[in-house]
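Coordinate inspection notes
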Amino acid sequence: MPELHSDKVHDVATSSNFKQVKTKHLHLDFKVDFDQKIIKGLEKITLESLTEDLKLVILDVHETLSVANVKASEIGAELPFELKKFTSYGKSLHITLDEPKQKGVAFDLFIDFVSGKGPSLCWLEPQQTADKKQPFLYSQGQSVLNRSFFPCQDTPAVKATYSAFVSVPDQLTAVMSANHRSFGEKANKDNQKNCFYFEQTVPIPSYLIALAVGDLKSAEIGPRSCVWAEPSILEKARAEFDGDVEKFITTGEQLFGDYIWGRYDILVMPPSFPYGGMENPCLTFVTPCLIVGDKSLVDVVIHEITHSWFGNLVTNANWSEFWLNEGFTMFGQRRIEEILFGKARMCLEAITGRTLLEKHIEHEGQDHPLTRLRVVIGEDVDPDDTYNETPYEKGFAFVCYMRSLVGDDNKFDQFLKSYVNHFKFQSVVAEDLFDFYLDYFPQLKTDQVHERPGFEFDKTWLQGTGLPPFTPDLSARRELTDEAEQVADQIIAGQLQGLPTEIEDWGAYKTMYLLDLLATSSPLPKESIKHILEKYSFLSLSQNAEIRLRWCELVIKNNIREKFEDVRKFLHSQGKQKYTLPIYKDMMKGSEEIKKLATEYLEETKNFLHVNVRERVEDIIQKGS
């Protein structure tokens, strides 16, 4: 196989010397202590030298992680090490080897460490959980947070297998992102009884190593899938996902190739979980916001399943290329939706994503660097800043543009399957994709489609700011949206005669589409607001988080004081970043009254929020927008 472009690209978000030495396997042996909120661990990291006379290993750590000692063998002499400053989100652990390692030689390091207060590990008190009986711990590694969990080469450019022994308090269960798990006593000096063993045999980047510990039970939802949840919501979770997951996986296999991970399980997280889902291999973490009771949001699981090919199997080599993970996953998700639900339904879902992208760019500004597909990570840009609508929806538009150049959906499907098969287990940059695409379609290479003025792959798509230069054809949505547009036009104009009174059975995405149209044209006439409150009261009562988000936006933009409590309740009910940040941004653009409430609501919920979300909300309020 020819050398990848990614082999020549550095990752500025890691301090590790991964170009000189590479992780092959990680074994973690640790005990979870809820009383002290710490993890005491011994890490055995197996490395391979990529250069001659390797004398130094540099790993990523965090200021909240302490290292007691480093050894070349479990009972050997201690090796010299030094902690050095790296960035605001990490430090570097410099380990001097006892003897130089030659190229191709594999060797082990044993590291005693203690972690607990870092941004990767979220410790929840019982009252912060669904059942309010037992504490809960979970890790969140993306983008560069797992360096606060355990020492590692915290870059997506490095993939390795891992295994773990996890000892937890009685009555609690541990789960991890692994394709093999077992339970039993562990024969060691601590005589741990409640011990779990995990093994992930498919190489993955460090950010996908994930742990959760809590009062968890499981229920089967398919031949290779189960759902994990706290006992009080297990049956609701089972009913929400039962029968659908296997259908999603098999459709993905038809499009993108074999599902190589073995298991696909789902863990329903506590409500403070900051994401809709996190694609941890074999164990997707999902927000409880998906448990609506009508399966209206289960398509979020399609997105996480699609990461099994795009992101987890073929991975961005650094966080500047985050769009390679998310843009292809959005495209793949919508191809699965198109097959299962029809083109109109898929296009309706896609247009809601386009609306979110437009709102993001309107807020940031057309020339903002975070509206580029390829983000420059530097001192003033944290890798976590790449998490916004741009890599998802602008990335989706780019993949759609590449398909339009091919002109045949089936041929492009075959290209995607070949792309995954060619780059599986590897980490890539955009140039690797472009080379493969143009070689796969030689006529497009001859036509130099990658250099067409206004659509250049590099200059316009990767480096250009603002909205994408190509808009996918989503006109099939009109089968479902024409009525919503007519209703919206009447409400916006204050022409309320003849409006349908029963829209509750429209379905989630049609209702979301209506609310997006109304929010875009807000503030609305007072008589229109009165009509909405009287005739469409179900909006205020909806349990669908996507509808609640848009309802809150409408309330804020129209300063509907009697419904401010709906905003408060929604912020108290969940801590998802995608919902929480836009609401606070809208509040800080609203009336003085709602700005004051923003500060009050944050004070009420700050201990509930993930630290990253809390800091971002604090920044929004401080800046006033």
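Residues numbered from 1 in each chain as written. Predicted model: local features only at pLDDT ≥ 70, side-chain atom pairs only at ≥ 80, totals over all residues. Heavy atoms only, no water.

1. Examining the sheet that holds strand E5 (residues 81–87)
The condition is simple: Two strands make a pair as long as DSSP finds a minimum of two bridges between them. The numbering of helices and of strands both runs from the N terminus, where a helix is a DSSP run of H or I of at least 4 residues and a strand a run of E of at least 2. For helices, the axis comes from a line fit to the C-alpha atoms of the stretch in contact; other axes are also lines fit to C-alpha atoms, and the angle between any two N-to-C directions lies between 0 and 180 degrees.
The three strands lie next to each other as E3-E6-E5, forming an open sheet whose pairing is antiparallel. The open sheet has two edge strands with one neighbour each: strand E3 (54–61) and E5. If you compare each strand with its neighbour and ignore which way they point, the axes differ by 30 degrees on average. Where E5 meets strand E6 (residues 90–101), six bridges bridge the pair, whose relative direction is antiparallel. Across the sheet, Leu83 pairs through a bridge with Leu93, a residue of E6.

2. Some remarks on the packing of aromatic side chains
Which entries qualify depends on this criterion: Any Phe, Tyr or Trp ring, taking Trp's six-membered ring, that has another such ring centre within 6.5 Å forms a pair; planes under 30 degrees apart are called stacked, those over 60 apart edge-to-face, and the others tilted. Per-residue accessibility, obtained with a 1.4 Å probe over protein chains only, is compared with the maximum for each type, and a residue is labelled buried under 20%, exposed over 50%, and partly exposed between these values. The rule is short: NZ of Lys or CZ of Arg within 6 Å of the ring centre and within 35 degrees of the ring normal puts a charge over the ring.
Counted according to the given criterion, the structure contains 45 aromatic pairs. Judged by centre distance (5.0 Å) and plane angle (65 degrees), the ring pair of Phe149 and Phe150 falls under edge-to-face. Aromatic pair Phe423 and Phe436: ring centres 5.6 Å apart, planes at 70 degrees, arrangement edge-to-face. In this pair, Phe423 sits in helix H7 (residues 409–423) while Phe436 sits in helix H8 (residues 430–440), placing the two residues 13 residues apart along the sequence. Grouping residues by exposure puts Phe423 and Phe436 together as buried. The ring of Phe396 carries the charged tip of Arg334 above its face, separated from the ring centre by 4.5 Å. The aromatic ring of Trp506 is capped on one face by Lys510, whose charged end is 4.6 Å from the ring centroid.

3. Observations concerning unusual backbone geometry
That bond from Gln142 to Ser143 is cis: its omega, 5 degrees, falls within 30 degrees of zero. The omega torsion across Ser522 and Pro523 is 10 degrees, close enough to zero to call that bond cis. Positive phi values are uncommon outside glycine, yet Cys282 reaches one of about 70 degrees. Tracing the sequence through the fold places Cys282 in the loop between strand E18 (277–278) and strand E19 (283–286). On the basis of relative accessible area, Cys282 is assigned to the buried category, the value being 3%. Phi is positive for Asn559, which is not a glycine, with a value near 50 degrees. Tracing the sequence through the fold places Asn559 in the loop between helix H15 (545–557) and helix H16 (564–573).

4. Considering the sheet that holds strand E1 (residues 21–33)
Strands sit in the order E4-E7-E2-E1-E10-E13-E12 across an open sheet of seven strands; the sheet is mixed. Looking at which strands have only one partner, the edges of the open sheet turn out to be strand E4 (66–71) and strand E12 (180–184). Taking each pair of neighbouring strands and ignoring which way they run, the sheet shows an average axis angle of 15 degrees. Here seven bridges tie E1 to strand E10 (residues 160–167), and the two strands are oriented parallel to one another. Residue pairing in the sheet places Phe30 in a bridge with Val166 of E10.

5. Here's the deal with the environment of Glu358
Structurally, Glu358 can be placed in helix H5 (residues 343–364). For the pair Glu358 and Phe398, spaced 40 residues apart in sequence, the C-alpha to C-alpha distance is 15 Å.

6. Focus on empty space enclosed by the protein
This is how the line gets drawn: Here a cavity means grid points, on a 1 Å grid over the protein atoms only, where a 1.4 Å probe fits yet cannot get out; a pocket means an open set of points with protein on both sides within 12 Å along at least five of seven lines; lining residues are those with an atom within 4 Å of a point. Grid points are joined across faces, edges and corners, and a volume is the space filled by probe spheres set on the points.
A complete count under the given rule lists four cavities of 30 Å³ or more for this structure. Its boundaries defined by the atoms lining it, the largest cavity holds a volume of some 90 Å³. Residue lining of the largest cavity: Thr23, Leu26, Cys152, Gln153, Val158, Ala160, Thr161, Tyr162, Ile204, Pro205, Ser206 and Ile209, and that is the complete set. Secondary-structure elements contributing two or more residues to the lining of the largest cavity are E1 and E10. Counting residues per element, the lining of the largest cavity draws most heavily on E10, which supplies three residues.

Note that all results are geometric; they support no functional claim without further evidence.
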